[in-house]
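Coordinates in review
Chain residues, written in single-letter form:
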Amino acid sequence: MHILKKTLLATAALALVSVGTANAASDGKRGMDGQLNILYWQAASILNPYLSGGTKDINAASMILEPLAYYDETGAMVPALAEEIPTPENGGVSDDLTSVTWKLKKGVTWSDGTPFTAKDVVFSAKYCMDPTGGCNASSNFSDVDSVEAIDDNTVKITFSVAKPFPYGPFVGTTAPIIQEAQFKDCLGAKAPTCTAANFGPIGTGPFTVTEFKANDVVVYAANDKYREEGKPAFATAVFKGGGEAAAAARSVLETGEFDYAWNLQVEPEILAQMAAAGKGTVVTSFGTSVERLMVQATNVDPALGDKRGTIEGGVHPFLNDPAVREALSRAIDRQVLVDAGYGKAGQVTCNVLPAPAVYVSTANDDCKVQDVDKANKLLDDAGWAKGSDGIRAKDGVRLSILYQTSTNGVRQGTQALIKQMWAAIGVETELKNISASVFFGGDQSSPDTFQKFFADIEMYTNNFDGTDPEKYMGSWTCKNIPSPANQWIGNNMPRYCNAEYDALVAEMGKTASIEKRAALAMKMNDMLMQARAMIPLIHRGNVSAHSNTLLGVRMNSWDSELWNVQDWTRAK
Amino acid sequence: MLNYTIRRLLFAVPTLLVISFIIFAILDLAPSDPTGNLPLTIPAEVRAQIREALGLGQPFPIRYMKWLQQFFINEPLNMMEQWWGIQIGDSANRLRVTSWATRSPVVDLIVERMPQTLWVVGMSYVLGILIALPIGVISAYKQYSIFDQIGTFISMIGFSVPTFFTGIVLIVIFSVQLGWLPSIYDTTLQVTDWPSFWKQVKQMMMPVFVLALFNAAQIARFMRSSMLDNLNQDYVRTARAKGLREQTVVLTHVLRNSLIPVVTVIALGIPQVFGGAIITEQIFRVNGLGQLLIIGIEGADIPLVQTLTFIFAVLIVLFNLVADLLYGILDPRIRYD
Amino acid sequence: MTDQTNSTVQAEDPVRPHRSLWSDVWRQFKVHRGGLIGVGVFSFILLAVIIGPMIHTIDPQFLDYKNKNLAPTLAHPFGTDNLGRDMLAQVLAGGRISLAVGITAMLLSLVLGTFIGVVAGYFKALDGPLMRLTDLFLALPLLPLLLVIIMLFRDTLRNMFGPETGIFLLIVFIIGITSWMQTARIVRGDVLGLKEQEFVLAAGSIGTRPRRIITRHIFPNVLSPIMVSATLGVANAIITESSLSFLGLGFPSDFPTWGRLLFDGANFMQITPSRVIWPGLAISLTVLSVNYVGDAIRDALDPRIRGR
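Residues numbered from 1 in each chain as written. Chains lettered and ligands numbered in written order. Predicted model: local features only at pLDDT ≥ 70, side-chain atom pairs only at ≥ 80, totals over all residues. Heavy atoms only, no water.

1. Description of the state of the cysteines
Residues and elements named next belong to chain A.
- For the structure shown, the criterion picks out four disulfides over all chains.
- Sulfur-sulfur distance for the disulfide between Cys186 and Cys194 comes to 2.0 Å. Taking the torsion about the S-S bond as the criterion, the Cys186 to Cys194 disulfide, at about -105 degrees, is left-handed. Of the two residues, Cys186 and Cys194, neither departs from the other in class, the shared state being buried.
- Cys478 shares a disulfide with Cys497; S-S distance 2.0 Å. In this structure the cystine formed by Cys478 and Cys497 twists about its S-S bond by roughly 105 degrees; its chirality is therefore right-handed. With a gap of 19 residues between them, Cys478 in the loop between helix 13 (470-473) and helix 14 (499-508) and Cys497 in the loop between helix 13 and helix 14 connect regions that are remote in the sequence.
- For chain A, the disulfide bridges join cysteines in the arrangement 1-2, 3-4, 5-6, 7-8, where the cysteines are counted in sequence order. (Disulfide = S-S within 2.5 Å. Buried < 20%, exposed > 50% of the residue type's maximum accessible area, 1.4 Å probe, protein only. Helix = DSSP H or I, 4+ residues; strand = E, 2+ residues; numbered from the N terminus.)

2. Some thoughts on the pattern of salt bridges
- In the structure shown here, the tally under the stated rule is 41 salt bridges over all chains.
- Salt-bridge contacts for Asp254 of chain C lead to Lys419 of chain A; the nearest nitrogen and oxygen are separated by 2.5 Å. Taken as a pair, Asp254 of chain C in the loop between helix 10 (223-246) and helix 11 (258-266) and Lys419 of chain A in helix 11 (residues 409-423) lie in two separate chains rather than in one.
- Overall, the relative accessible area of 27% leaves Lys419 of chain A in the partly exposed class. (Salt bridge = Lys/Arg side-chain N within 4 Å of Asp/Glu carboxyl O.)

3. Quick notes on the interface of chain C and chain B
- Contacts between chain C and chain B engage 60 residues on the former and 61 residues on the latter.
- Both faces combined, the contact of chain C with chain B buries some 5,500 Å², and carbon together with sulfur accounts for 67% of it.
- Run the count over chain C and chain B and you get four salt bridges.
- Arg185 of chain C serves as the salt-bridge partner of Asp324 of chain B, at 3.1 Å between the closest nitrogen and oxygen.
- Breaking the side of chain C that touches chain B down by element, the ones donating at least two residues are helix 5 (124-139), helix 6 (142-177), helix 7 (181-194), helix 10, helix 11, helix 12 (274-301) and helix 13 (303-307) of chain C.
- Taken together, the residues of the side of chain C that touches chain B break down into 29 nonpolar, 17 polar and 14 charged. (Contact = heavy atoms within 4.5 Å. Buried area = accessible area lost by both parts, 1.4 Å probe. Nonpolar A, V, L, I, M, F, W, Y, C, P; charged D, E, K, R; others polar.)

4. Digging into the confidence of the model for chain A
- Overall, the prediction assigns chain A a mean pLDDT of 88, with 95% of residues at 70 or greater.
- Across residues 1-26 of chain A the pLDDT falls below 50, and counting only partners more than four positions away or on other chains, this stretch makes 21 contacts in the model. (pLDDT = per-residue confidence, 0-100.)

5. Regarding empty space enclosed by the protein
- Counting across every chain of the model gives six cavities of 30 Å³ or more.
- What the largest cavity holds in volume is close to 110 Å³.
- For the lining of the largest cavity, the residue count by class is five nonpolar, three polar and four charged.
- By volume, the second largest cavity is sized at about 70 Å³.
- Taken together, Ile434, Ser435, Val438 and Asp448 of chain A, Pro31 of chain B together with Leu147, Ile150, Met151, Arg154, Gly248 and Leu249 of chain C form the lining of the second largest cavity.
- The dominant element in the lining of the second largest cavity, judged by the number of residues it contributes, is helix 6 of chain C, at four residues. (1 Å grid on protein atoms, 1.4 Å probe; cavity = no way out; pocket = protein on both sides within 12 Å on 5 of 7 lines; lining within 4 Å. Points joined across faces, edges and corners; volume = space filled by probe spheres on them.)

6. What about the nonpolar core?
- One finds Tyr50, Trp102 and Leu528 of chain A to be the most contacted residues of the largest nonpolar core, which totals 176 residues.
- At 14 residues, helix 6 of chain C tops the list of elements feeding residues into this core.
- Aside from chain neighbours lying at most four places away, what touches Leu528 of chain A is Val352, Met473, Trp476, Tyr496, Tyr501, Ala533 and Met534 of chain A.
- Membership of the second largest hydrophobic core comes to 87 residues, among which are Ala132 and Val265 of chain B together with Val91 and Ala203 of chain C. (Core = buried A, V, L, I, M, F, W, Y, C linked by side-chain atoms within 4.5 Å.)

7. Structural notes on the interface of chain A and chain B
- Chain A puts 59 residues into the contact, and the matching count from chain B is 50 residues.
- Carbon and sulfur atoms supply 54% of the area that chain A and chain B bury against each other, a total of about 4,000 Å² over both sides.
- One can count zero salt bridges joining chain A with chain B.
- Across the chain A-chain B interface, the total number found is 16 residue pairs in polar contact (both at pLDDT 80 or more).
- Elements with a contribution of two residues or more to the side of chain A that touches chain B: helix 5 (195-199), strand 7 (207-213), strand 8 (217-222), strand 9 (236-241), helix 6 (245-253), helix 12 (436-439) and strand 18 (457-462) of chain A.
- Element by element, the count of residues in the side of chain A that touches chain B is highest for helix 6 of chain A, at four residues. (Polar contact = N/O pair within 3.5 Å; in protein donor to acceptor, adjacent residues only side chain to side chain.)

8. Re the packing of aromatic side chains
- Here the structure, examined in full by the defined rule, presents 44 aromatic pairs over all chains.
- Here Trp41 of chain A and Trp262 of chain A contribute two aromatic rings whose centre-to-centre distance is 5.8 Å and whose plane-to-plane angle is 40 degrees, an arrangement assigned as tilted. In this pair, Trp41 of chain A sits in the loop between strand 1 (35-40) and helix 2 (55-61) while Trp262 of chain A sits in the loop between strand 10 (260-261) and helix 7 (268-275), placing the two residues 221 residues apart along the sequence.
- The partly exposed category is assigned to Trp41 of chain A, whose relative accessible area is 21%.
- Residue Trp262 of chain A is classed as buried on the basis of its relative accessible area of 6%.
- One aromatic cluster is present, formed by Tyr40, Trp41, Phe239 and Trp262 of chain A through successive ring pairs.
- A cation over an aromatic ring shows up here: Arg275 of chain C above the ring of Phe268 of chain C, its NZ or CZ 4.4 Å from the ring centre. (Phe/Tyr/Trp six-rings, centres within 6.5 Å; stacked < 30°, edge-to-face > 60°. Lys NZ or Arg CZ within 6 Å of the ring centre and 35° of its normal.)

9. Let's talk about the pairing of strand 17 (residues 428-434) of chain A
Residue and element names in this part refer to chain A.
- The element strand 17 is largely enclosed, with a buried count of five among its seven residues.
- Inspection of the sheet shows strand 16 (residues 400-406) paired to strand 17 by seven bridges, in the parallel sense. Bridging across to strand 17, Ser406 finds its partner in Ile434.
- A crossover links strand 16 with its parallel partner strand 17, the connecting element being helix 11, and its sense is right-handed. (Pairing = 2+ DSSP bridges. Right-handed = clockwise from strand over helix to strand, strands pointing away.)

10. Looking at the side chain of Asp216 of chain A
- Summarising the element assignment, Asp216 of chain A is placed in the loop between strand 7 and strand 8.
- Within the structure, the side chain of Asp216 of chain A is placed 2.7 Å from the side chain of Thr187 of chain B, a separation counted as a polar contact.
- At 2.5 Å, the side chain of Asp216 of chain A forms a polar contact with the side chain of Asn287 of chain B.

11. Side note on the sheet that holds strand 4 (residues 99-103) of chain A
Residue and element names in this part refer to chain A.
- Overall, antiparallel pairing links the three strands, which are arranged 4-6-5 in an open sheet. If you trace the sheet from one side to the other, it starts and ends with strand 4 and strand 5 (144-151), each paired once. Across the sheet, the mean angle from the axis of one strand to that of its neighbour is 15 degrees, orientation sign disregarded.
- Bridge analysis of strand 4 against strand 6 (residues 154-159) gives five bridges, and the strand direction is antiparallel. Paired with Thr101 across the two strands is Lys156, which belongs to strand 6.
- Against the sheet, helix 3 (residues 118-129) touches strand 5 and strand 6, its axis set at about 165 degrees to strand 5. (Axes fitted to C-alpha atoms, helices over the stretch in contact; angles between N-to-C directions.)

12. Topic: helix 9 (residues 246-275) of chain B
Residues and elements named next belong to chain B.
- Between its first and last C-alpha atoms helix 9 spans 41 Å; for 30 residues at 1.5 Å apiece the expected length is 44 Å, and the two agree.
- Taking the largest bend as the criterion, helix 9 deviates by roughly 45 degrees, centred on Leu255.
- The first or second residue beyond helix 9 is Gly276, which carries a positive phi of 75 degrees. (Expected span 1.5 Å × (residues − 1). Bend = angle between axes of the 7 residues up to and from the residue.)

13. Comments concerning the packing of helix 4 (residues 87-122) of chain C against helix 11 of chain C
All names here are of chain C.
- At a minimum axis separation of 7 Å, helix 4 and helix 11 run at an interaxial angle of 135 degrees. Viewed along their axes, helix 4 and helix 11 adopt a mutual orientation that is oblique. Taking contact as the criterion, the partners of Met87, Gln90, Val91, Gly94, Gly95, Ser98 and Leu99 in helix 4 are, on helix 11, Trp258, Gly259 and Leu261.
- Here the residues of the contact of helix 4 with helix 11 sort into five nonpolar, five polar and no charged. (Parallel < 35°, antiparallel > 145°, perpendicular 65-115°, else oblique.)

14. So, helix 6 (residues 163-177) of chain B
Residues and elements named next belong to chain B.
- For helix 6, built from 15 residues, the straight-helix expectation of 21 Å at 1.5 Å per residue is met to within 8% by its first-to-last C-alpha distance of 20 Å.
- Considering bend angle alone, the principal kink of helix 6 is centred on Ile171 and spans about 25 degrees.
- Positive phi shows up at Gly179, right after helix 6, with a value of about 70 degrees.

See below:
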C-alpha cells in the first residue's frame, strides 16, 4: 500500500519535472529501455563508498547501495530504505534530541535475495565507526553512542550529546547501508583486503554490478529484486571514466555517444557551442558551494621561519587594514567572473552561506555591484597613496598581493580577471597556481598547502554536506586556526579569531529550533562578511549534461546526481 | 658475449634495488597526499585516520621494506599459486601490494590494463617502426628529393604538434562532424567475431594514428641521419666497386651499419609502451597503463606508482641490455669482454 | 638541386686558395637551400618576438572583456581569447619564453647527453656506472620528481631571482635534466663502434691523447645524431613546458607560452580557430626551421659531402 503510494507520488513529481514527456517512468517494464551510458571524467576507483576517494566513487556506488533517506533536489529528505523521516513531531526523534528511531521499509531484499533487516544497519554503523578502518564517512557518525536494532524493522541511534540535527548517519549516499553477510569479515584493518566485496557490493538499489574495472569502467545490470515494480527502466548501465570535462561534454552534447556526463566545469561558451548541436541538454543545480577568496590575517614573511602564517607571527602588514579588505572586495565585478568562467553554473554571491534559503542573509548584498570609485576612495582615505609605479603604498608597505589557488583552467581565468580589477585600484598581484593534489593534500612538509596559506590571498570552493550548516559555520573558530601546534589541520584558513563568533558557534550547538538556528547562522555569516575574513565571489552550481533522449534527470546538488536513476527512462 | 650478459644481469640486481629505493624516496618526499582528492567536507581528523589506515603512520624504512617483501616475495608466490593452482603457506593472510585508491592488488590492476595498452600503444609503436624505417632509408638514399622533403616535413610536424592537439582535431573531424569513429574506447569490448573485430579496429584507429605519427617521426629522423652518415663511407664505394647490386649494398651493408642509433631509440621506446601514453589515453579514454599511472600520481597512490615505475625500470634495464647485445651483433668490432 | 650545389663547389675546387675549415663549412652551409630558408624563418620568428611587441603594443595581459572571442580584426589581427586578451600580443610574448626555454633546455640536455655518451662510450671503465645512471634517470617517475623539485626549490629561486626568472631557471633545469638520456644512449652506441674503427685506432697508436682523439676524431663523427636530437629536443622542450604549466608546475598562469596557448585554445578550436592555428604554426615552424638548419650544419661539417 505504502509502496504503491510512493510510486505514484514519484511518478507525479517526475511528470512535473519533465513536462511534455508525460509518460516518463510510469508504465514501463523493468529493463525495457536498453542501456544507459554514464560518463564521469574521473573514473570510479572503488564501489564501497566508505573507503572511497571522492564523489565519483560515491555516485557510482549510489546506483547499488541505498541509505535510509536521500536528499532530493530541493534539499528535502525523502525516505529510501526508511518508511518515513523521523522527526520530533512523529516521535522519531526523542525530546531531549539524543536519539533517533528509524522505521525501515518491510519486505525489502538484497540483490542476492536475502532479506534486508535492521541488523544490516547496525553492522554498517559498526563498519564505519571502527577507528582502524579509515572510513571516510566517519564524521557522519560523530557523537554516535550506539546503534541498536529494536526489531527487524526498527533501528535506534543514540547520541552522546543532544543533536539538533540527528540526520548524520545513513542520510545521503555518503553513508549507505552495506550487507552484513558480505562485509562481516572486513571490519577495521581488514577492510582493504576484501577486494571482491569492495568492488561488487551487494545492495538494495536499482542496479547490481556485473563488471568493475577499477579506475576505468563499471557495468551494471538492473537489480531484479528491486522493490519498486517496473524499475529501473534500463536493463544495463555503463559508468565510464577518464578524460577531462570538455571531452566528457562533447561525448554527450556533440557526438551523442553517452547519455549523461558529470561535472562539466568548462568555459560557458564551449558548453553553449556544444549544446547548439541539439543532442543534449546542460543541467545545473545549486547546493552550498561558494568560490571564495580567503584573506590572510597573519604575516607570511618567509623571514619569520616557524612563526610564518601563525598568530604568533603577528598581523599581516596591509591586510589587517579593514579599508584594504573592503576595497579589494568592492573592486571585483563578480558578474564578469560568472560570465567568463561559470555561465549558468554560477551566481554572484556576497555570502559564504548561500543556501538553503532559510539561512541566506541579505545584509551584505551591496557587494554584488562593482564600485571602483568607492574602493579607490576607501584606500585614499586610509592613506594608501599611489606611488610612481601606480601601486599604492603607505609607510613603505606596498599593496602587492601573492594570490594562490589550485590548478584549473577556470580558476586561472578568474585569477587573471581579478588581477586586472585590482590593478585598477592600485594593487599589484602576483598569481600562483598549485597542483590540486598538493594544494589540498595537506602534506606537512610542503609549503604549498591551503592550510599553511603562505600567501596573501587564496581561492577555492568549499561547501557542506547535507543541509545543516552547524559544522560548516564552526570552521572559523579560534581553535580551528591551522598552526604548527595542531599539525596545520583546521579549516580556519583566514585565521579569523573572534570570541563573540566562538560564542555564537557554541550557542548553535545547543539550539534546536530551526528559526533560531537560522538566525544564528545568518549572524555568523554576517560577522565573517563584515570582517571580510573571506571575500565570497560565486555561488557555484553543479553542472552536468544529459542526452535529449534521457528523461527523468532531476539534477541534485545535495546528494548523488544519480540519486533517482531508478526513475530515468529513454524517450520513445 | 654470454659472459658479458650474465655479468650485466647480475649487476642489474643491485642497480634495480637502488633504483627502487630512490623511486620510493621521491614518492615519499613528494608533497601530494592520498587524501588530497577527498571532498573538503571530510574533516581533518578523519583524514588523519584514513592516512593511518593506509599505513602512512609507519616510518619510511619500514614502509619500504614492506613493499620489497610484498613485491619480491608475496607477489611471486601468489603468481605461482595462480599458475599451478597450489597453495604455498598461509596465502590468505599474505599481504599483496595494495593500491590505496582502489584497495585492490596492484598487479591485478596492471594485468587488467594490459590488453588495451598492447592493442593501442603497442600497436602504434610497431606501426610507427614499420612506417619509419622505410621512410628513413628512402629519405637518406634520395637525400633532398621530393620524397625526402615531404617525409621530413610530415615527420617534423608529427613530432612538433602535441598529441593533445592532434587528438582533439581528429575527434572533432571523425567523431563530431563525420560520426565515423567512436571518441571513447570501450575496454569491455570482447573480440569474438568479425563485427566485434571491426568495432575494435574502429575504436583503435584514432589513438593508434596519433601515437604512430609521433613515434614514426622520431625514428625516421634518426634512421635518415644514420643512413646519410654511412652512405658516403669508403666501404660503400668498395662494395659498389666489387659489383654488388645496389639493393644489396644499401639494404645489407649500409642499413646494417646504420642501425645502431635506431636500435637505441627503439630499445628506449619499448619500455615506454608499457609506460602507456598518458595524454593520448586520456583524450580517447583508453584507460591503459598510462592513465593508471597518472591517476596514481594525482592521487598520491604510492604502492601503485612505485610498482608501476619499478616494473618500468626493470624493462628499461632489460631493453638497454638487449640494445647493447644487438650492437655487438650489428657491428662485430664492438666488444665488451 | 643537390647536384647543382655540388657542381658549384667542385667548379671552384681547382682554383681555390688555402681556406680554413670554418670558411669551408660556411661555404657549404650557404649553398644548402633548406638551411638558408631555415635560418631565414628562424631569424624572422626571433625578430618577430623581439621587435614585434614594440610594434604591436597591446599588453598581452590586458583583458578587454567586452571584446572576447573575437575573430581576427584590424585591431586584433589574430583575434582575442575568451577573456579578451589579444592573441597576436600573446603569441609574440609567448614566443619569447617558449624559444628561450626550448633552446636553453635543449642545449643543456644536449651538452649533458653528449658528454655522458662520449665518455661512457670511449672509457670502458666509466661505461657501466654512467649507463646505470642513465637507466636510473630513465626510470625516475617524472611528475613526482617535479613535485619534489618544485617543493624544494621554487620558493628559494623565487626569492633569489623573482618569480619569472626563478621559474624559468627551474623549468630549464628540470627539462634539461630529464631529457638527456636518449642522446647519451645514442651517442654512446655510435662511439662504441667508432672507437674500434681504423682511424681512431691509428690515432691512438701514434700516441694521440684521448682528449684529442675525442674532440678531433670521435665528436665530428657523432654530430649527425646529435643534430637530430637537437631538433627533436627543441620541440620536446616547448611541449614539455606546456604540460608543466598545465599541471600547475610551470610559469604563473598569466605568462603565455606557445605550448600553453595551444593547450588552452584546444577546446576553443571550433569557436575561435585562430587561437590554435597561430601558436601551433609557431611551434611547427620553429621546429622545422631548426631541423633544416641542423641538416645544413651536419652536411656542412661532413668532409665527404664537402669535398664531393
